[in-house]
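Tertiary structure, described
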Amino acid sequence: MSNNSVNNKRIAKNTLLLYVRMFFVMAVTLFTSRVVLATLGVTDFGIYNVVGGVVAMMGILNNAMAVSTQRYLTFELGRGDAVRLKQVFCMCLAIFVMLAVVVVVLGETVGLWFLNSKMTIPADRMVAANWVYQFSILACVASLIVTPYNAVIIARERMNVYAYVGILEVVLKLAVVYLLLVIPVDRLTTYGLLILLSQIVIAVIYMLYCTRHFAEARYRVYWDGSLFRELVSYSGWNLFGSAAGVVKGQGLNILLNMFFTPAVNAARGIAYQVNAAITQFFTNFYTAVRPQITKYYAQGDMEEMTKLIFRSSKMSFYLIMLISMPVIIEAPYIVSLWLGQLPEYVVPFTRLIIAISAIDAMASPLMTAAHATGHIRLYQSSVGTMVMLNIPVSYVFLRLGFPPLTVFYVSLAISVVCLFMRLWIVRRLMPFPVKEYVVRVFGTSLAVCTLATIAPVAVHIAVDGNIHTVLSVCALSLLSCAVSIYYVGLDRHERKFVAGIVRKKILHKQ
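In this report, the structure presented in the accompanying data block is examined. Given the structure is predicted, the values throughout are model-derived calculations rather than measurements. (Residues numbered from 1 in each chain as written. Predicted model: local features only at pLDDT ≥ 70, side-chain atom pairs only at ≥ 80, totals over all residues. Heavy atoms only, no water.)

Some details on helix α7 (residues 225–259)
Along an α-helix, residues three or four positions apart point the same way, because every turn accommodates 3.6 residues. Using the following cut-off: Here a helix means four or more residues in a row that DSSP labels H or I, a strand means two or more in a row labelled E, and each is numbered from the N terminus. To estimate the expected span of a helix, subtract one from its residue number and multiply by 1.5 Å. Across the chain, bend at a residue is computed as the angle between axes fitted to the seven residues ending at that point and the seven starting from it.
Given a rise of 1.5 Å per residue, 35 residues ought to cover 51 Å, and the 47 Å separating the end C-alpha atoms of α7 matches this to within 8%. V247 marks the point of greatest bend in α7, at about 30°.

Structure follows, in structure tokens:
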């Protein structure tokens with residue numbers, strides 16, 4: 001069996017395992033979100049989202065180093081250098097401990113000042129908001145320390161670990177909801193503490209697993225000045241890119257809080273929870289694909305790397321489209337059924353955020369290709385600057401009196417521009433067929449989306465909404481997407497591959 005065939009089978013197996021994890025987590029997340037919203041109330045739910053966002057802004061250091069760690073560990077695995085692999089892990093863990101100290105210092109100074117002097121929070125909820133803030137800082141520290149261990153699991157492509165731990169995450173989320181209902185203490189504070197404890201448990205499990213199963217994850221005191229400078233230099237540009245992403249997400253959240261009320265933040269938080277559940281279909285697939293893109297580059301196999309980028313870009317978009325189309329079309333009914341109420345702005349926020357995520361998902365393999373080269377200054381400076389334009393542009397519109405939806409229209413337009421910027425940059429870093437990508441990936445994906453929308457939207461408009469109509473539209477959406485993807489979205493070789501898998505499964509069952 002060829003090496004490429006083995007890699008494809010590994011990707012398929014790892015994707016399946018991650019989907020098993022996703023279905024457990026998604027089902028419980030949808031259930032617990034409804035209970036948490038009803039228990040906390042719209043105001044406290046909005047406070048939790050915006051306060052957690054302040055800490056997330058400090059977590060940009062984590063995001064920057066996480067990408068660097070995964071890239072370097074995966075690259076050394078591709079080269080087969082076990083000694084260098086262990087050195088990289090030890091240095092990365094030491095750097096993450098330093099970053100944890102930085103986060104605590106910034107959080108207890110600048111962040112604490114911003115929370116108490118700039119945020120729009122009711123006076124009677126400030127004490128609870130400050131407790132949640134402290135718990136969020138500790139959760140951020142736990143996330144920092146465990147990141148190198150998660151990077152090892154991804155680089156080693158041991159996705160079964162995520163599947164098993166996902167089941168535990170489900171149990172912990174259910175436990176959090178139950179305890180939130182029975183503990184007779186301020187519920188916002190209690191919720192923040194319980195979320196922190198659950199994250200600590202998950203972090204400890206990942207650390208113990210990696211220490212027992214991977215030699216490189218057994219930390220020993222090690223320092224290499226040149227490797228430190230290389231990691232920090234690479235991470236410095238990643239920091240800029242991560243900062244751009246966090247500024248876009250949490251910066252817009254803060255803008256909404258400044259110009260409107262916590263209820264708008266709550267609507268945004270709910271919309272992002274729906275989006276997070278849907279984008280898990282892309283995230284799980286992409287998590288399985290990402291190491292292979294880097295390993296192909298490390299091995300110098302540019303042809304297979306290009307093929308994988310094309311296929312994974314299309315499949316990322318199709319996965320989000322397949323699951324999100326029923327939600328987008330029947331959002332009012334689905335959200336009302338899920339939450340037992342329909343908060344203002346949730347439906348339009350959800351639709352626009354999903355559209356943005358679909359474009360960003362298509363571009364993700366291009367980002368991995370750029371990172372695989374190790375030369376990311378041009379990529380991060382160009383794309384990061386464009387992403388951060390979300391804040392000043394949105395501020396101008398909100399200052400002029402435009403509604404909250406405007407910030408997401410701005411974000412959608414900038415995401416499309418960034419997709420083409422990534423193409424241009426990747427072409428400068430390596431031989432890459434840009435025109436072919438635009439036609440076969442971007443053009444084909446838009447054609448598939450347009451064709452798949454026609455039938456379910458027509459039925460939705462023509463028939464009054466009730467449970468039977470909603471179910472019919474959802475089923476028609478899935479069928480329309482599947483047919484459009486198979487006959488329009490896949491080329492001849494991809495259709496043959498999919499048909500072969502289906503025939504194999506059917507014959508195996510018989």
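Let's pick the thread back up.
Notes on helix α11 (residues 346–373)
Rules: Exposed residues in this analysis have more than 50% of their type's maximum accessible area, buried residues have under 20%, and partly exposed residues fall in between, with area computed by a 1.4 Å probe over protein chains only.
Here α11 spans 40 Å end to end across 28 residues, near enough to the 40 Å set by a 1.5 Å rise per residue. At A363, α11 shows its largest kink, close to 35°, and the proline P365 lies no more than four residues downstream. Among the 28 residues that make up α11, 23 are buried, leaving the element largely enclosed by the rest of the structure. Within two residues after α11, G374 carries a phi angle of roughly 85°, on the positive side.

Quick word on the pattern of salt bridges
The following threshold applies: What counts as a salt bridge is simple: a side-chain nitrogen of Lys or Arg found within 4 Å of a carboxyl oxygen of Asp or Glu.
Scanning all chains against the criterion turns up 6 salt bridges. Between E303 and K307 there is a salt bridge, with the nearest N and O atoms lying 3.6 Å from each other. Highlighted residues: E303 and K307, both in helix α9 (residues 302–329), separated by 4 residues, approximately one helical turn. Notably, a salt bridge pairs E304 with K307, separated by 3.8 Å at the nearest N-O pair. Here K307 and E304 lie together in helix α9, a separation of 3 residues that amounts to about one turn. Residue K307 is classed as partly exposed on the basis of its relative accessible area of 35%.

Things to note about the side chain of N130
Note the cut-off: Residues count as neighbours in contact if any of their non-hydrogen atoms are within 4.5 Å of one another.
Mapped onto the elements, N130 comes out in helix α4 (residues 126–156). Residue N130 is classed as buried on the basis of its relative accessible area, which comes to 18%. When neighbours within four sequence positions are excluded, N130 is seen to be in contact with L112, L115 and N116.

Brief notes about the packing of helix α10 (residues 331–339) against α11
What counts is decided by this rule: Lines fitted to the C-alpha atoms define the axes, with helices restricted to the stretch that makes contact. Angles between their N-to-C directions range from 0 to 180 degrees. Convention used here: angles under 35 degrees read as roughly parallel, angles over 145 as roughly antiparallel, angles from 65 to 115 as roughly perpendicular, and any remaining angle as oblique. Rotating anticlockwise by less than a right angle from the far helix to the near helix defines a left-handed crossing, while the corresponding clockwise rotation defines a right-handed one. Each residue is assigned to one class: nonpolar for Ala, Val, Leu, Ile, Met, Phe, Trp, Tyr, Cys and Pro, charged for Asp, Glu, Lys and Arg, and polar for all the others, Gly among them.
At their nearest, the axes of α10 and α11 sit 10 Å apart, and the two run at 115° to each other. In terms of orientation, α10 lies roughly perpendicular with respect to α11. The handedness of the crossing between α10 and α11 comes out as right-handed. Between α10, through A331, P332 and V335, and α11, the contact on the second element is made entirely by V346, V347 and R351. Taken together, the residues of the contact of α10 with α11 break down into 5 nonpolar, no polar and 1 charged.

Re the side chain of N390
For N390, the location among the structural elements is in helix α13 (residues 390–399). Its relative accessible area of 1% is what places N390 among the buried residues.

What about the packing of α9 against α10?
The contact between α9 and α10 brings their axes to 5 Å, and the two run at 90°. Judged by the angle between their axes, α9 and α10 are roughly perpendicular. Across the interface between the two elements, P326, V327, I328 and I329 from α9 touch A331, P332 and I334 from α10.

Observations concerning the packing of aromatic side chains
Threshold: Two rings from Phe, Tyr or Trp (for Trp, the six-membered ring) form a pair when their centres sit within 6.5 Å of each other. Planes less than 30 degrees apart are called stacked, planes more than 60 degrees apart edge-to-face, and all others tilted.
Per the stated rule, a full pass over the model turns up 15 aromatic pairs. Between F432 and Y437 the ring centres are 6.0 Å apart and the planes differ by 50°, which places this aromatic pair in the tilted class. Taking relative accessible area as the criterion, F432 reaches 4% and is therefore assigned buried. On the basis of relative accessibility, which here comes to 0%, the residue Y437 falls in the buried class. Among the aromatic residues, those joined into a cluster by ring pairs are F310, F432 and Y437.

Remarks on a nonpolar patch on the surface
Under the convention used in this document: A patch consists of residues whose relative accessible area exceeds 30% and which take part in no salt bridge; residues with like charges are grouped when within 9 Å of each other, and nonpolar side chains (Val, Leu, Ile, Met, Phe, Trp, Tyr) when within 5 Å. Throughout, the Shrake-Rupley method with a 1.4 Å probe supplies accessible areas, and for residues the shown protein chains are the sole cover considered.
Side chains of L451, I454, L479, V483, Y487 and V488 sit close together on the surface and give an oily, nonpolar patch of about 590 Å² of accessible area. Only α15 (434–462) and α16 (467–489) provide two or more residues apiece to the nonpolar patch. Ranked by the residues each element gives to the nonpolar patch, the list is headed by α16, at 4 residues. Mapping Y487 onto the fold places it in helix α16.

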